[in-house]
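# Survey of secondary and tertiary structure
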Amino acid sequence: VVADGVVDIFDAAGIKKPDISILSEDFLNEIRNMKRKNISIELLKKLLSDEITFKGKRNLVQSKTFSEMLADAVKKYQNNLLTATEIINELIELAKQIKDANSRGEKMNLNEDELAFYDALEVNDSAVKVLGDDILKTIAHELVDKVKASTSIDWTIKENVKARMRVIVKRILRKYGYPPDKQEKAVITVLKQAEMLADIWTSEAA
């Protein structure tokens, strides 16, 4: 049972917070029905914030999207545009979306790194959608291969290697007919994502 003092218990006792990917409907309902709504809100904010920070280590775009959604919900509550019950429902809905996002790559037959590059391709843009999902997945797969091949060099601090990676990314986008007017923004996002994953891959290989 979720007790009213659950936030203090988590912090003071160092109990591992629930993994958002396995949050049950029962657990979310218990939070929704807690008498002290302020505790419910703080608990949900903490769970969501921690999960978004964790996602931010591997998926730049997904983390940014969820972070903006959380900030927007909290701001509406602070401005009295949402009641305590409404903000709780909105945060629970966001928790469910994050939970669904955790299995998204598996459903799309993309691993975690490929999904991160897939998201970096601005796939929701109408001009990009025209390419079709199969092409976008192929681009994501090729980006992972090319960036991973560069992880033997710390290209994140070498401008010449960064410049070479930029050329490689642009070449891949052109190869598959990525919209020319959307390429510059995609290249910037892809390179930021690449830096993030290159650091992770390097540390994992150490």
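Note that the coordinates shown come from a computational prediction; the quantities given were computed from them, not determined experimentally. (Residues numbered from 1 in each chain as written. Predicted model: local features only at pLDDT ≥ 70, side-chain atom pairs only at ≥ 80, totals over all residues. Heavy atoms only, no water.)

### A word on the side chain of E142
Formally: Going along the chain from the N terminus, every DSSP run of H or I of four or more residues is numbered as a helix, and every run of E of two or more is numbered as a strand. As used in this structure description, the phrase polar contact means that two N or O atoms lie within 3.5 Å; if the pair is within protein, one of them must be able to donate a hydrogen and the other to accept it, and residues adjacent in sequence are counted only when both atoms belong to side chains. Should any heavy atoms of two residues lie within 4.5 Å, those residues are considered in contact.
In this fold, E142 is placed in helix α9 (residues 133-148). Polar side-chain contacts of E142 include one of 2.6 Å to the side chain of Y176. Beyond its immediate chain neighbours, meaning those up to four positions away, E142 contacts I172, K175 and Y176.

### Some remarks on the packing of helix α4 (residues 60-78) against helix α5 (residues 84-102)
Rule in force here: Think of each axis as a best-fit line through the C-alpha atoms, taken over the contacting stretch in the case of a helix, with angles from 0 to 180 degrees between the N-to-C directions. By the definition adopted for this analysis, an angle is roughly parallel if under 35 degrees, roughly antiparallel if over 145, roughly perpendicular if from 65 to 115, and oblique otherwise.
Axis separation between α4 and α5 bottoms out at 9 Å; the angle between their running directions is 175°. Looking at the two axes, α4 sits roughly antiparallel to α5. Of α5, the residues touching α4 (which contributes Q62, F66, M69, L70, A73, V74, K76 and Y77) are A84, I87, E90, L91, L94, Q97, I98 and A101.

### With respect to the environment of N89
Within the fold, N89 resides in helix α5. Once the C-alpha coordinates of N89 and N29 are considered, the two residues, 60 residues apart in sequence, prove to be 9.7 Å apart. For N89, the side chain forms a polar contact with the side chain of R32, separated by 2.9 Å.

### Remarks on α5
One full turn of an α-helix is made of 3.6 residues, so residues set three or four places apart face in the same direction. We apply this condition: For a helix, the expected span equals 1.5 Å multiplied by the number of residues minus one. Exposure is judged per residue with a 1.4 Å probe applied to protein chains only, and the accessible area is read against the type maximum: over 50% gives exposed, under 20% gives buried, and values in between give partly exposed.
Between the first and last C-alpha of α5 there are 27 Å, a value that for 19 residues agrees with the 27 Å anticipated at 1.5 Å per step. Within the span of α5, buried status applies to I87, I88, L91, I92, L94, A95, I98 and A101. Turning to α5, the residues buried within the fold contact α2 (25-32), α3 (37-55), α4 and α6 (104-108).

### Observations regarding the pattern of salt bridges
Test applied: Throughout this description, the term salt bridge denotes a Lys or Arg side-chain nitrogen within 4 Å of a carboxyl oxygen of Asp or Glu.
Under the counting rule described, the total for this entry stands at twelve salt bridges. For E90, the salt bridge is made with K76, and the minimal N-O distance between the two is 3.1 Å. Here E90, found in helix α5, pairs with K76, found in helix α4; they are 14 residues apart in sequence, far enough to count as distant. For K76, a relative accessible area of 25% gives the class partly exposed. Where K175 meets E142, a salt bridge forms, and the shortest distance between an N and an O atom there is 3.2 Å.

### Side note on the nonpolar core
Rules: Residues belong to a common nonpolar core when they are buried Ala, Val, Leu, Ile, Met, Phe, Trp, Tyr or Cys residues joined through side-chain atoms within 4.5 Å.
The biggest cluster of nonpolar side chains holds 31 residues, and the ones touching the most others in it are F117, L121 and I139. Mapped onto this core, the elements with two or more residues apiece are α7 (112-120), α9, α10 (159-175) and α11 (180-205). At eight residues, α11 tops the list of elements feeding residues into this core. Ignoring sequence-local partners within four residues, the contact set of L121 consists of V128, L136, I139, A140, L143, L173, Y178 and V190.

### Observations concerning the environment of D145
By secondary structure assignment, the location of D145 is in helix α9. Residue class for D145 comes out partly exposed when judged on its relative accessible area of 43%. Distance in space between the C-alpha atoms of D145 and E114 is 9.4 Å, their sequence separation being 31 residues.

### What about the packing of α3 against α4?
For clarity, the threshold we go by: What makes a crossing left-handed is the near helix being turned counterclockwise from the far one by less than a right angle; a clockwise turn instead makes it right-handed.
Put simply, α3 and α4 touch, their axes get as near as 9 Å, and they point 160° apart. It follows that α3 is roughly antiparallel to α4 by the angle criterion. Note that α3 runs across α4; the crossing there is left-handed. Here I41, K45, L48, S49, I52 and K55 of α3 come into contact with α4, specifically with Q62, S63, F66, S67, L70, V74 and Y77.

### Examining the side chain of S40
On the secondary structure map, S40 appears in helix α3. Exposure remark for S40: the relative accessible area of 0% places this residue in the buried category. Looking at S40, its side chain comes within polar contact range of the main-chain oxygen of I31, at 2.9 Å. Ignoring anything within four residues of it in the chain, the contact list for S40 reads I31, M34 and I88.

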